[in-house]
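Survey of secondary and tertiary structure
The residues making up each chain are set out below.
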Amino acid sequence: MSDLTRLTAAELAATIASGDVSAVEVAQAHLDRIAAVDERVHAFLHVDTEGALAAARDVDAKRAAGEELGPLAGVPVAVKDILTTKGVPTTAASKILEGWRPPYDATIVERLRAAGTVMLGKTNMDEFAMGSSTEYSAYGPTNNPWDLGRIPGGSGGGSAAAIAAYEAPLAIGTDTGGSIRQPGAVTGTVGAKPTYGGTSRYGLIAFSSSLDTPGPCARTVHDAALLHSVIAGHDPRDSTSIPQQVPDVVAAARLGATGDLTGVKIGLVTEFGGEGAEPGVMAAYRDAVEALTKLGAEVVEISCPHFQYALPAYYLIAPSEASSNLARFDGVRFGLRAGDDGKHSLEEVMSLTREAGFGPEVKRRIILGTYALSSGYYDAYYGQAQKVRTLITRDFTSAFEQVDVLVSPTTPFVAFPFGSRTSDPYQMYLADLFTIPTNLYGGPAISVPCGLSEGLPVGLQIMAPTMADDRMYRVAAALESTVGVLTPPAL
Amino acid sequence: MTTTVLPPYDDVVARYEPVIGLETHVELGTNTKMFCGCPTEFGAEPNTQVCPVCLGLPGALPAPNRAAIEATIRIGLALNCSIADWCRFARKNYFYPDMPKNFQTSQYDEPLCVDGYLDVEVDGEMVRVEIERVHLEEDTGKTLHVGGATGRIHGATESLVDYNRAGIPLVEIVTKPIPGTGAKAPLVARAYVTELRDVIRSLNVSDVRMEQGSMRCDVNTSLTPVGETEWGTRTETKNVNSLRSVERAVRAEMIRQASVLDGGERIFQETRHFQEDTGDTRPGRSKEEATDYRYFPEPDLVPMAPDAAWVAELKAALPEPPRVHRKRLQEEWGLTDLDMQSVVNAGAVELIEATIAAGATAAGARKWWLGELARRANEESLDLSAVGATPAQVAELQQLVDEGKLNDKLARAVLEGVVAGEGSPREIMTARGLEVVSDTGALTAAVDEAIAANPDIAAKIRDGKVAAAGALVGAVMKTTRGQADAKTVRELILARLGAQG
């Protein structure tokens, strides 16, 4: 095998299962690739070479013993550094957790291990998943493999870039306002946000509890569906986890790959008609809609009048929850502790720890959220935002009475150069304009590459009703069957 | 600070009308914590009953304990509350090192149980205490300040935190303000907490031990000058940890507030702490700069919707209310209202009940608990249940008396040993050699000695003045250091002197 890193996850699993290559060889090929390119990409915060090889050896031993292997056994996977990994450093890209090794695995990580996947390491991200460019990582940004001078999207830029750079065939991301889909779009990869509650949040370092959703990143829709099916399903340790059978997304992806969308009704969100989006992005989006029509889908315009308030509602709800979720980072029980010299009071130690440990965007959101929840402002801000959330949910519900899925561009613009939006937080927040409504609603959505603009990838977002994750996989796979998989320039 | 002369209580209640309110926290006796599977055993080595969830480690999530929800609903039903058909948890945000997440998962504007009442008896009169809400939350850890003289944070060189208690389910029971109790306010407060404790104990959901902190009480007190309608500013006296202290704290705070108001000053809304040693209250932090808890619905937990059929089932299975139960016991034990009241006031109902169950007669059980043991409890400011004797031990003691192995005096000495933890009554009797001497051989010698030493009395008895025998019995008791059985001695004396008893 000349280049194992170019194979899809499905191909790798089949090759390993057939015995043509060992899981150790596959793991080593990816570790070598990381060694060769990650200095330039910086997708990883921590590479677990020993752990990966041990897991791979385990798969090989099981195969040798004739044990049955799961559909992704031996396939390498990279995990966003916001999920806890037992004994393996987990920082959420924050200084406040530098060097912390959790005593437990996130449920998703447990499931990945049980499925025999090989965890390569932990990927870079915006600190505590707050950001849309991975520039807010306390450990330096990740570079987009399509153009190393540009951002890889955020907050899951590390996971998306690792896949685009062939460092890993699969990765886990988390999506609070678009952090799987948006990096997927700007790196030309597939990223899916499952139904909220469809994947466990246990072990996911909380940013915004009511929005955070872990999900798969891959180079193909089929790979994403395979990973999705391994990590999804009810978890009694997460009260918000839905006690229901996950739809068969793998079968849906296979069905979509036949390229037939006859009988599928697709809605275009009128309010996402192009305002604030780059012309090149809108052109690629229109081409994609046309391609879907050619596959037999019926396309109609649907008005979702409250989507225009999604961004402000999101920027009250998410920081409010974050301000509470991040309160535990106080220097008392784990992670960084500043001012511990016997000369400072408890309050001062907490304050100095947080001052030293949190980056600017995290501080901004804690302050925003604290303000929005404070007495006297709660009703005007947090309470009002929750009402908007209800209205957005109603928009979705009524839309899905008319169509099977909704589509839109994933991001309003292609990958932008570093530093171009950090000086104006609002410009940065716009990156998630199209992805945020879905998080407020809780339904699933996927970003799939639909073409290029100025030589950079553009993604199509497909949104489905809650617990109908299979529908978006079907449409995404169908589009992929005509657009094809994007290949970035050689690094 | 100037020294103020505190007004006498009678004077206070002549001029002011108190309004009281009570917030009681009860740690539930579930096997596992509120939101994780950690054990809840009291007194374990620090930080041995913890996991990522109750330590609030990054990524950990709560999963609610159904047994705790059930216990809370039962408490609500026993307090005549309505059970919400839909409710949810909220986060109460504030920073403290013994609170792992720096927010407490509690209930705020959507509690599980609302609008109930508890009838309590004070001086033979029924007082209805209205309950505003009963809700469920999680307990915090415990902070230990080391190196200072007082054990408080000031002067300490380091602080240690034990998170074993963090996450234990805690039920908070809040009364509505209770006006119109006048001079009886402290007694009403005590009677309410006592009754509440009995109700919760009857449900078998908590051991409600105030001295171990599994039941803790905050007492709100305000005063209104007689004739005025608007209630005064209240203070909250935190963590009062015995029934007696509840009564004392209300009384002390009434006197203090009256003295402040008499001086023309105003009462600040503040948290105060009851001082067990002096019996007064001292200020804690001022509520005027109260923390903004930034309550909001807990996004990590889905709302609760207790099934109506389940609630109905729990209601049907409630035990007899303690008040009704007591009425029944009073009849069984053949006590007057007054006698029963003293049993209740002493907190002895269940102890006597258990003692009877262990084999004692009602009279015997009542005698020891209300006599010797109540006296000791009072002297040492302890709850009767904490005085150091168990119902089984008291029953055994009474049995030894009934068997004639102990007389009253010796039994009291044995009880001393029981309270001192020397063992069972039988063991103590044997070890200390306290058994009644009824061996006639040994006693005859002592009787003969007494007759010889008191010829005048002996003569009177021979002449038929049997009542004089008492003096000789006393003499024999003296030489046998009280260990003789008085009845046997008397019989021996009469037999020796040929008199008829």
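Residues numbered from 1 in each chain as written. Chains lettered and ligands numbered in written order. Predicted model: local features only at pLDDT ≥ 70, side-chain atom pairs only at ≥ 80, totals over all residues. Heavy atoms only, no water.

Named according to an unreviewed UniProt entry, chain B is Aspartyl/glutamyl-tRNA(Asn/Gln) amidotransferase subunit B originating from Catenuloplanes nepalensis. Listed in UniProt under the heading Subunit (unreviewed entry), the comment for chain B reads: "Heterotrimer of A, B and C subunits." Under the UniProt heading Sequence similarities (unreviewed entry), the entry covering chain B gives this text: "Belongs to the GatB/GatE family. GatB subfamily." (UniProt positions renumbered as here; feature names shortened; annotations may be inferred.)

An unreviewed UniProt entry lists chain A under the name Glutamyl-tRNA(Gln) amidotransferase subunit A, with Catenuloplanes nepalensis as the source organism. The UniProt entry for chain A carries this comment under Sequence similarities (unreviewed entry): "Belongs to the amidase family. GatA subfamily." Looking at the Catalytic activity (unreviewed entry) heading of the UniProt record, one finds this comment for chain A: "L-glutamyl-tRNA(Gln) + L-glutamine + ATP + H2O = L-glutaminyl-tRNA(Gln) + L-glutamate + ADP + phosphate + H(+)".

**Points about the nonpolar core**
Among the nonpolar cores identified, the biggest contains 232 residues, and Tyr473 of chain A together with Ile173 of chain B are the most heavily contacted of them. The element contributing the most residues to this core is helix 3 (residues 185–203) of chain B, with 10 residues. In this structure, Tyr473 of chain A is in contact with Ala192, Pro216, Val221, Ala224, Ala225, His228, Val249, Ala252, Ala253 and Ile446 of chain A, ignoring residues within four places of it in sequence. Membership of the second largest hydrophobic core comes to 36 residues, among which are Leu384, Val387, Leu406 and Val414 of chain B. (Core = buried A, V, L, I, M, F, W, Y, C linked by side-chain atoms within 4.5 Å. Buried < 20%, exposed > 50% of the residue type's maximum accessible area, 1.4 Å probe, protein only. Helix = DSSP H or I, 4+ residues; strand = E, 2+ residues; numbered from the N terminus. Contact = heavy atoms within 4.5 Å.)

**Focus: the UniProt feature "domain: Amidase" (unreviewed entry) in chain A**
Look at the UniProt record and you will see "domain: Amidase" (unreviewed entry) annotated at residues 25–471 of chain A. Each end of residues 25–471 of chain A is marked by a C-alpha atom, and these two atoms are 36 Å apart; helix forms 38% of the span and strand 14%.

**Looking at the sheet that holds strand 6 (residues 213–218) of chain A**
All names here are of chain A. Read across the open sheet, the 11 strands follow the order 1-3-2-4-6-5-10-11-9-7-8; overall the sheet is mixed. Each having just a single partner strand, strand 1 (44–47) and strand 8 (298–302) make up the two edges of the open sheet. Neighbour-to-neighbour, the strand axes of the sheet open up by a mean angle of 30°, direction not taken into account. Bridge analysis of strand 7 (residues 265–269) against strand 9 (residues 405–409) gives 3 bridges, and the strand direction is parallel. The partner of Gly267 across the bridge, within strand 9, is Leu406. Helix 3 (residues 49–64) contacts strand 1 and strand 3 (118–123) of the sheet and is inclined by roughly 155° relative to strand 3. (Pairing = 2+ DSSP bridges. Axes fitted to C-alpha atoms, helices over the stretch in contact; angles between N-to-C directions.)

**Concerning the packing of helix 3 of chain B against helix 6 (residues 322–333) of chain B**
All names here are of chain B. Where helix 3 contacts helix 6, the two axes come as close as 9 Å, and the packing angle between them is 90°. Our classification of the angle between helix 3 and helix 6 gives roughly perpendicular. On the side of helix 3, the interface is formed by Glu195, Asp198, Val199 and Ser202, while helix 6 contributes Pro322, Arg323 and Arg326. Here the residues of the contact of helix 3 with helix 6 sort into 2 nonpolar, 1 polar and 4 charged. (Parallel < 35°, antiparallel > 145°, perpendicular 65-115°, else oblique. Nonpolar A, V, L, I, M, F, W, Y, C, P; charged D, E, K, R; others polar.)

**Side note on the sheet that holds strand 3 (residues 90–93) of chain B**
Read across the sheet, 3 strands follow the order 4-3-14 (chain B) without closing on themselves; strand pairing throughout is antiparallel. Each having just a single partner strand, strand 4 (103–106) and strand 14 (296–297) of chain B make up the two edges of the open sheet. Sheet topology note: the strand 3 of chain B/strand 14 of chain B ladder contains 2 bridges and is antiparallel. The residue of strand 14 of chain B that forms the bridge with Arg91 of chain B is Phe296 of chain B. With respect to the sheet, helix 10 (residues 310–325) of chain A is in contact with strand 3, strand 4 and strand 14 of chain B, its orientation differing from that of strand 3 of chain B by roughly 60°.

**What about the interface of chain B and chain A?**
Taken together, the contact pairs 31 residues of chain B with 39 residues of chain A. Buried surface at the junction of chain B and chain A, both sides included, amounts to about 2,700 Å², of which 60% is carbon and sulfur. When the buried surface of chain B facing chain A is broken down by residue, Pro58, Leu61 and Arg294 of chain B rank first, second and third, together holding 23% of it. Close ionic contact of Asp300 of chain B with Arg201 of chain A constitutes a salt bridge, the shortest N to O distance being 2.9 Å. Across the chain B-chain A interface, the total number found is 16 residue pairs in polar contact (both at pLDDT 80 or more). When contributions to the side of chain B that touches chain A are tallied by element, the ones reaching two or more residues are strand 3 and strand 14 of chain B. In the side of chain B that touches chain A, the residues fall into 22 nonpolar, 4 polar and 5 charged. (Buried area = accessible area lost by both parts, 1.4 Å probe. Salt bridge = Lys/Arg side-chain N within 4 Å of Asp/Glu carboxyl O. Polar contact = N/O pair within 3.5 Å; in protein donor to acceptor, adjacent residues only side chain to side chain.)

**Quick word on the packing of aromatic side chains**
This model, assessed by the stated rule, comprises 24 aromatic pairs over all chains. Through a chain of ring-to-ring contacts, the aromatic side chains of Phe272, Phe307, Phe396, Phe400, Phe434 and Tyr441 of chain A assemble into a single cluster. Taking NZ or CZ as reference, Arg251 of chain B lies 4.2 Å from the ring centre of Tyr9 of chain B, over its face. (Phe/Tyr/Trp six-rings, centres within 6.5 Å; stacked < 30°, edge-to-face > 60°. Lys NZ or Arg CZ within 6 Å of the ring centre and 35° of its normal.)

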